[in-house]
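Next come the chains, spelled out residue by residue.
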Amino acid sequence: MSAVVDEHDHHADDHHDHGPAKGLLRWITTTNHKDIGTLYLLFALAMFFVGGAMAMVIRAELFEPGLQFVDPAFFNSMTTMHALVMVFGAVMPAFVGLANWQIPLMIGAADMALPRMNNMSFWMLVAGVLLLASTLFMEGGAPNGGWTLYPPLVLQPITVGKALPFAIFSVHLLGISSIMGAINIIATIFNMRAPSMKLMDMPLFVWTWLITAFLLIAVMPVFAGAVTMLLTDKFFHTSFFNAAGGGDPVLYEHIFWFFGHPEVYIMILPTFGVASTIIPVFARKPLFGYASMVWATGSIAFLSFIVWAHHMFTVGLPLAGELYFMYATMIIAVPTGVKVFNWTATMWKGAMTFETPMLFSIAFVVLFTMGGFTGLMMSIAPSDFQYHDTYFIVAHFHYTLVPASVFILMAAGYFWLPKWTGHMYNEKIGQLHFWISVVSVNVLFFPQHFLGLAGMPRRIPDYAVQFADWNMISSVGGFIFGVSQLLFLYIVIDTIRGGTGEKVSDEVWEDAAKHSLEWTLPSPLPYHTWTTPPTVVPTEHVLDSH
Amino acid sequence: MSTNTAYYIPHKATWPVIGTAGLVTMLAGFANYLNGSSIGPALMVVGLLIFITMLVGWFTLQATESETGMYNHEVGISYRHGMMWFIFSEIVFFAVFFGTLWYTRNLSVPWLGGGATKELLWPAFDATWPTNGPGKVGGDFEPMGAWGLPFLNTLILLTSGVTCTWAHHGLLANNRDQLIKGLIATVALGFLFVSFQAFEYHEAYTEMGLTLGSGVYGSTFFMLTGFHGFHVCVGAIILSVVLFRSARGHFKPENHFAFEAAAWYWHFVDVVWLGLFIFVYLL
């Protein structure tokens, strides 16, 4: 590929400065991958606190048995909206933000392949979340049938109010946004790589995002189709999910989870990619088993399409279906295990240091493994009959999302923010943030395993008194975890505004440039990077071991 | 014609945010309309107008940039990636509705008409296809046959695929006359298809008692053929734009991404129709 220009000389109105435009319009009309990455990350951070506030409402209501603060319908709105906001507003956009910043830097590209579409993906996301948020202020309140939007529950007038069509169109917009983002990532990785970088030279973060992008394109239209049928069943007299007309509500569950299972991997695969980027740097060793990491990621992505009905073991599947989905689900533990052992082997005999990004990454390896093990427990169909729809499920998926995806997003912030801004964050406050988070997140979610095994149902505003103690402990953990995230907000703002005042080096972390290209660029990063692609790419990260 | 050797990265973009505003206004209007609010239709119209303005503006900009040689070979590859994966996402969207048809015919309807469900709930229900379910939702109806208009439409769409390829050959051989004639034929056949489908729908609603509300048969029939018909309209509009640009002398034998993208889309719509003809009409 030839050199890259950021502007053309065919129009007289072009000004030839290389910096960003001034004022608000810069952010609205930007096509720069770093600007768009920043927009995604700040939006995701804001939504993390919005979704977190909803979680605080949930934990406050569950602090004691009985109805305290909110009415049950609003409580159900909170569980529904907390999930939708965290999944579609916080975690997914945060990873797209990281992709925007990091993929062009890591592969030696001047920008994303389709910069205008990149801008549109972001604003479609904002539009979708605005539509969803608007339902909070509507007659009947926000959707309260759960984020899965199961019929006939969400089609009944009493649970719907005016929110349903807004929620459905929000899903459409979020889907368009995700698909455009994914297409952009695929085109960028295939078409914009530095000429000397082969596919198997790519940093693992780039690999995991490439595979995630395929997952997004393959499943977001599935979700769009499912909610479109909800819309027509509700407003246009169709019978897709109506048994009297020959339809079947279970069909919705099949379609939803055909989307939903890959969707949870869309949130975890980039997590794996970031962890595989950070751990080698602080272990001062190449990533152990690079090729097996790539293949494990691909295997997990493939398996995600053929295990969906393990979310539906109690729906009345034929026995053959229960058996198939049970065994297929268990197989996922194999490639996931490959990854966990590879991270461990990367740290083995490494010259490790424990800066904040590394602390979060190590916590991720340990706590994600716990979430994985409870997943294995639930994959056993007869056992799942006990766990289904209890707090055990809630504990399981929060372990895979909070101390896994969210911790790794924090780690990514601490890891790359110095590179992006040129300022060092305050290590003491960072470590304080880590230790409060890692303790409180376990106080928050670990007792939920016990509650679930004892039979406490999920999505319920009140509960029997025998569940009171663990709920109170869980709530206390939740409040501490929630408040301690303000430390992260403080650190992000402080670092952007100058941090410790210490000027960081180009590498930031010792020998980081051996691992990935972005550390060979100046800190802070100039507005345009790699206008001519690098000729040499680091290969340290692809060496299997010493 | 490509004078730019470097990868073109636009400096700033105003159309994306305008298009997003149009789309979200349109959808908010539609949601308001469904909720029975009187401002709904007005919002929809405003949103649609903004959205159309964006389409015209953005595509004019792209065409101008392309014709002035600002896109090098690599930009073309990015665009091809974009179109290819967009069509893939559309294939998945249609697969959902084909999957729904398969599940309904092979699983949910037989389950309703067999075993304890039949004995205890619907003793009178005979699980055959087509059906509007044990509740006879939507009342008596006559299913749509395959060999009348649908078969004619199959021939029309297949022919349009041929004329589209013929136009492409004309473009590659720099035979502008063949290019334009081929495109005119393709667009005309596309709109003919849509007109016949409109006539078919009219028959269904007025003569056969077959509506979107005719149980699960009506639901799957109209959703599958309706989404396809919408895609034919979109494809024909895209081809019309390509025809308009061809008439103004755009495209070169070695550089005509917009034509290729439109042709890919048209063939995709064509293949989906073959699936519909077999699974919705024939079987």
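Model, not experiment: these values are computed from the prediction.

Visitor: Mind showing me how you'd approach the overall build of chain A here?
Guide: Helix and strand counts for chain A come out as 16 helices and one strand. With the C-alpha coordinates of chain A rotated into their principal frame, the extents come out at 65 × 55 × 45 Å. Split into buried and exposed, the 546 residues of chain A put 58% on the buried side. Considering only intrachain contacts with a sequence separation of at least 6, the fraction spanning at least 24 residues in chain A is 82%.

Visitor: In this structure, what is going on with the overall build of chain B? I would like to understand it.
Guide: Each helix and strand in chain B was counted, giving eight helices and one strand. Tracing chain B from N to C terminus, the helices and strands come up as β-α-α-α-α-α-α-α-α. Principal-axis analysis of the C-alpha atoms gives chain B an extent of 75 × 45 × 30 Å. Counting only contacts in chain B whose residues sit at least 6 apart along the sequence, the fraction spanning at least 24 positions is 72%.

Visitor: Can you walk me through the interface of chain A and chain B in this structure?
Guide: Taken together, the contacts link 61 residues of chain A with 55 residues of chain B. When residues of the side of chain A that touches chain B are traced back to their parent elements, those giving at least two are strand E1 (4-5), helix H1 (24-29), helix H4 (115-134), helix H6 (163-191), helix H7 (204-235) and helix H8 (249-283) of chain A. Sorting elements by how many residues they give to the side of chain A that touches chain B places H6 of chain A first, with ten residues. Each residue belonging to the side of chain A that touches chain B can be placed in one class, and the counts come to 37 nonpolar, 17 polar and seven charged.

Visitor: Help me understand helix H7 (residues 215-247) of chain B, please; the structure alone is not making it clear to me.
Guide: Since one α-helical turn is 3.6 residues long, residues separated by three or four positions face the same way. In this model H7 of chain B runs 47 Å from its N-terminal to its C-terminal C-alpha over 33 residues, within 8% of the 48 Å that 1.5 Å per residue would give. The first or second residue beyond H7 of chain B is Gly-249 of chain B, which carries a positive phi of 90 degrees.

Visitor: Just to check I follow, could you spell out the packing of H6 of chain A against H7 of chain A for this structure?
Guide: In helix packing, the relevant descriptors are the interaxial angle and the interaxial distance, both defined with respect to the helix axes. All names here are of chain A. The interhelical angle for the contact between H6 and H7, taken along N-to-C directions, is 155 degrees, at an axis separation of 8 Å. As far as their axial angle goes, H7 and H6 are roughly antiparallel. Handedness of the H6/H7 crossing: left-handed. Considering only residue class, the contact of H6 with H7 consists of 23 nonpolar, three polar and one charged.

Visitor: Would you mind showing me how to read unusual backbone geometry here?
Guide: The phi torsion of most residues other than glycine is negative, and most of the peptide bonds are trans. Residue Pro-152 of chain A is reached from Pro-151 of chain A by a cis peptide bond, and omega for that bond is 0 degrees. The linkage connecting Trp-129 of chain B with the following residue, Pro-130 of chain B, adopts the cis geometry, with an omega of 0 degrees. Along the polypeptide, Pro-130 of chain B turns up in the loop between helix H4 (115-121) and helix H5 (149-172). One non-glycine residue with positive phi stands out, namely Lys-136 of chain B, at about 45 degrees. Structurally, Lys-136 of chain B is set in the loop between H4 and H5. Lys-136 of chain B sits in the partly exposed class, given 17 other C-beta atoms within 10 Å. You will see that Asn-174 of chain B, though not glycine, has its phi angle at about 55 degrees, which is positive. By the secondary structure assignment, Asn-174 of chain B is in the loop between H5 and helix H6 (176-208). Note on Asn-174 of chain B: 12 C-beta atoms within 10 Å, which makes it exposed.

Visitor: How should I be thinking about the nonpolar core in this particular structure?
Guide: The biggest cluster of nonpolar side chains holds 240 residues, and the ones touching the most others in it are Val-206, Ala-226, Ile-408 and Ala-411 of chain A together with Leu-27 of chain B. Here this core gathers at least three residues from each of two domains, domain 1 (1-71) and domain 2 (73-282) of chain B. With residues up to four places along the chain from it excluded, the contact list for Ala-226 of chain A reads Tyr-252, Ile-255, Phe-256 and Phe-259 of chain A together with Val-96 of chain B.

Visitor: Would you explain the domain arrangement of chain B in this entry?
Guide: It is common to give the size of an interface as the accessible area lost on bringing the parts into contact. Residues and elements named next belong to chain B. As far as domains go, chain B holds domain 1 (1-71) and domain 2 (73-282). Here domain 1 and domain 2 have C-alpha centroids that lie 25 Å from each other. Listing elements by their share of the side of domain 1 that touches domain 2, those giving two or more residues are strand E1 (7-8) and helix H2 (40-67). Tallied by class, the residues present in the side of domain 1 that touches domain 2 amount to six nonpolar, one polar and one charged.

Visitor: Help me out: how do you make sense of the packing of helix H3 (residues 72-107) of chain A against helix H14 (residues 391-421) of chain A in this one?
Guide: Residues and elements named next belong to chain A. The interhelical angle for the contact between H3 and H14, taken along N-to-C directions, is 30 degrees, at an axis separation of 11 Å. Between H3 and H14, the crossing angle belongs to the class labelled roughly parallel. Both H3 and H14 take part in a crossing whose hand is left-handed. Between H3 and H14, the residues in contact are Val-91, Ala-94, Leu-98, Trp-101 and Gln-102 and Leu-401, Ser-405, Leu-409, Ala-412, Trp-416 and Trp-420, respectively. For the contact of H3 with H14, the per-class residue count stands at nine nonpolar, two polar and no charged.

Visitor: How do you make sense of the environment of Val-250 of chain A when you look at a structure like this?
Guide: Residue and element names in this part refer to chain A. Mapped onto the elements of the fold, Val-250 is located in helix H8. Residue Val-250 is classed as buried on the basis of its C-beta count, with 21 C-beta atoms lying within 10 Å. When the C-alpha atoms of Val-250 and Gly-97 are compared, they prove to be 35 Å apart, with 153 residues separating the residues in sequence.

Visitor: Sorry if this is basic, but what is going on with H3 of chain A here?
Guide: All names here are of chain A. The end-to-end C-alpha separation of H3 is 50 Å, in line with the 52 Å expected for 36 residues at 1.5 Å each. Along H3, the sharpest kink reaches roughly 35 degrees, centred on Met-86. For H3, a buried count of 32 out of 36 residues is recorded, marking the element as mostly surrounded by other parts of the structure. Residue Gly-108 follows H3 closely and has a positive phi angle near 75 degrees.

Visitor: How do you make sense of the environment of Glu-61 of chain A when you look at a structure like this?
Guide: Residue and element names in this part refer to chain A. Along the chain, the position of Glu-61 falls in helix H2 (residues 33-61). In this structure, the C-alpha to C-alpha distance between Glu-61 and Ile-460, residues 399 residues apart in sequence, is 9.9 Å. The contact partners of Glu-61, leaving out residues within four places of it in the chain, are Gln-68, Phe-69, Val-70, Phe-75 and Pro-461.

Visitor: I keep staring at the confidence of the model for chain A and nothing clicks. Help me out?
Guide: Where the model shows low pLDDT, its predicted coordinates should not be examined in detail. Residues and elements named next belong to chain A. With 95% of its residues at a pLDDT of 70 or more, chain A shows a mean pLDDT of 93. Taking the mean pLDDT of every element in chain A, the minimum, 50, falls on E1 and the maximum, 98, on helix H15 (residues 427-453). Here residues 5-17 scores under 50 on pLDDT; set against residues more than four positions off or in separate chains, the count is 17 contacts.

Visitor: How should the environment of Ala-63 of chain B be read in this particular structure?
Guide: All names here are of chain B. If you trace the backbone, Ala-63 turns up in helix H2. What makes Ala-63 partly exposed here is the crowd of 17 C-beta atoms within 10 Å. When the C-alpha atoms of Ala-63 and Ala-198 are compared, they prove to be 33 Å apart, with 135 residues separating the residues in sequence. Excluding residues within four positions of it along the chain, Ala-63 makes contact with Arg-245 and His-250.

Thresholds, definitions, all that
Residues numbered from 1 in each chain as written. Chains lettered and ligands numbered in written order. Predicted model: local features only at pLDDT ≥ 70, side-chain atom pairs only at ≥ 80, totals over all residues. Helix = DSSP H or I, 4+ residues; strand = E, 2+ residues; numbered from the N terminus. Buried ≥ 20, exposed ≤ 12 C-beta atoms within 10 Å, placed from the backbone. Contact = placed C-beta atoms within 7 Å. Nonpolar A, V, L, I, M, F, W, Y, C, P; charged D, E, K, R; others polar. Expected span 1.5 Å × (residues − 1). Axes fitted to C-alpha atoms, helices over the stretch in contact; angles between N-to-C directions. Parallel < 35°, antiparallel > 145°, perpendicular 65-115°, else oblique. Left-handed = near helix turned anticlockwise from the far one by under 90°. Core = buried A, V, L, I, M, F, W, Y, C linked by C-beta atoms within 7 Å. Domains from an automatic or database assignment. Bend = angle between axes of the 7 residues up to and from the residue. pLDDT = per-residue confidence, 0-100.

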